[in-house]
Amino acid sequence: MRLVVTIALALILSWLGGSAAATLIAEWARGDESFILAFMAIPLAGLVAAVLFLVASTRPVPARAIDRIALVMVGLLVVLFAALSVFELFVNGTLASAWRGVQLYVGIFGSSAVVVLVQWLIFRWRSRPAASQMLFGRGPGAPA
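Predicted model only: the values in this text are computed from it and were never measured.

Asks: Looking at this structure, I do not really get helix H2 (residues 36–56). What am I missing?
Replies: An α-helical turn contains 3.6 residues, so a residue and the one three or four places further along point in the same direction. When the terminal C-alpha atoms of H2 are compared, their 31 Å separation across 21 residues agrees well with the 30 Å that a helix rising 1.5 Å per residue should span. Considering only its buried residues, H2 is in contact with helix H1 (2–28), helix H3 (62–92) and helix H4 (95–126).

Structure (structure tokens):
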């Protein structure tokens with residue numbers, strides 16, 4: 001039950017956070033209908049992150065595995081953003097003509113990074129072990 005609540009909470013809150021970030025970035029960029037791609041990437045990023053964090057939470061030390069997965073996913077987003085931005089600049093030739101595409105990439109990867117960070121916070125918070133069970137004198141060393 002704890003796992004189901006964690007996944008549901010992570011997906012719902014990360015999709016809300018990613019949508020809020022995409023909305024703010026689209027307003028900043030005076031986005032047009034092409035910014036629908038940023039909103040379409042949010043559920044995909046959320047599902048991929050949830051699966052990876054779910055696998056990481058089954059490791060012997062879940063907090064460390066969750067931290068590493070989050071770092072790798074954000075690192076991959078940064079590398080992919082940089083590569084696509086350089087490609088956009090290469091194709092268009094000047095920064096002025098490539099700026100519109102770069103703004104779209106900021107929207108896509110910014111909202112995806114927010115999704116990953118929100119899910120990292122939730123999985124990290126929920127990865128702490130539950131309080132130890134009270135045995136009321138019936139522990140391994142208690143007399144029968």
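Let's pick the thread back up.
Asks: Sorry, what's going on with the packing of H1 against H2 here?
Replies: Between two packed helices, both the angle of their axes relative to each other and the distance between the axes serve to describe the pair. Where H1 meets H2, the closest approach of the two axes is 9 Å, and the angle between their N-to-C directions is 150°. Comparing the axis directions of H1 and H2 gives the class roughly antiparallel. As for how H1 packs across H2, the hand of that crossing is right-handed. Contacts between H1 and H2 involve Leu3, Ile7, Leu11, Trp15, Gly18, Ser19, Ala22 and Thr23 from the first element and Ala38, Phe39, Ile42, Pro43, Gly46, Leu47, Ala50 and Leu54 from the second.

Asks: Explanation requested: unusual backbone geometry in the structure shown.
Replies: Leaving glycine aside, a negative phi is the common case for residues, and trans is the common case for peptide bonds. The backbone of Arg30 shows a phi angle near 50°, a positive value even though the residue is not glycine. By the secondary structure assignment, Arg30 is in the loop between H1 and H2. Of the residues examined, Arg30 reaches a relative accessible area of 73% and is grouped as exposed.

Asks: How should I be thinking about the pattern of salt bridges in this particular structure?
Replies: A side chain of one charge can pair with a side chain of the opposite charge if their charged atoms are brought near each other. For the structure on display, the rule yields two salt bridges. Between Arg100 and Asp32 there is a salt bridge; the shortest N-O distance is 3.6 Å. Taken together, the residues Arg100 in helix H4 and Asp32 in the loop between H1 and H2 connect sequence positions 68 residues apart.

Asks: Would you explain the environment of Arg2 in this entry?
Replies: With respect to the helices, strands and loops of the structure, Arg2 is situated in helix H1. Under the relative-accessibility criterion, Arg2 is labelled partly exposed at 41%. Residues Arg2 and Arg126, spaced 124 residues apart in sequence, show a C-alpha to C-alpha distance of 8.4 Å.

Here is what the cut-offs are and how they apply
Residues numbered from 1 in each chain as written. Predicted model: local features only at pLDDT ≥ 70, side-chain atom pairs only at ≥ 80, totals over all residues. Heavy atoms only, no water. Helix = DSSP H or I, 4+ residues; strand = E, 2+ residues; numbered from the N terminus. Expected span 1.5 Å × (residues − 1). Contact = heavy atoms within 4.5 Å. Axes fitted to C-alpha atoms, helices over the stretch in contact; angles between N-to-C directions. Parallel < 35°, antiparallel > 145°, perpendicular 65-115°, else oblique. Left-handed = near helix turned anticlockwise from the far one by under 90°. Buried < 20%, exposed > 50% of the residue type's maximum accessible area, 1.4 Å probe, protein only. Salt bridge = Lys/Arg side-chain N within 4 Å of Asp/Glu carboxyl O.

Limitation: the analysis is restricted to geometry and does not speak to function.
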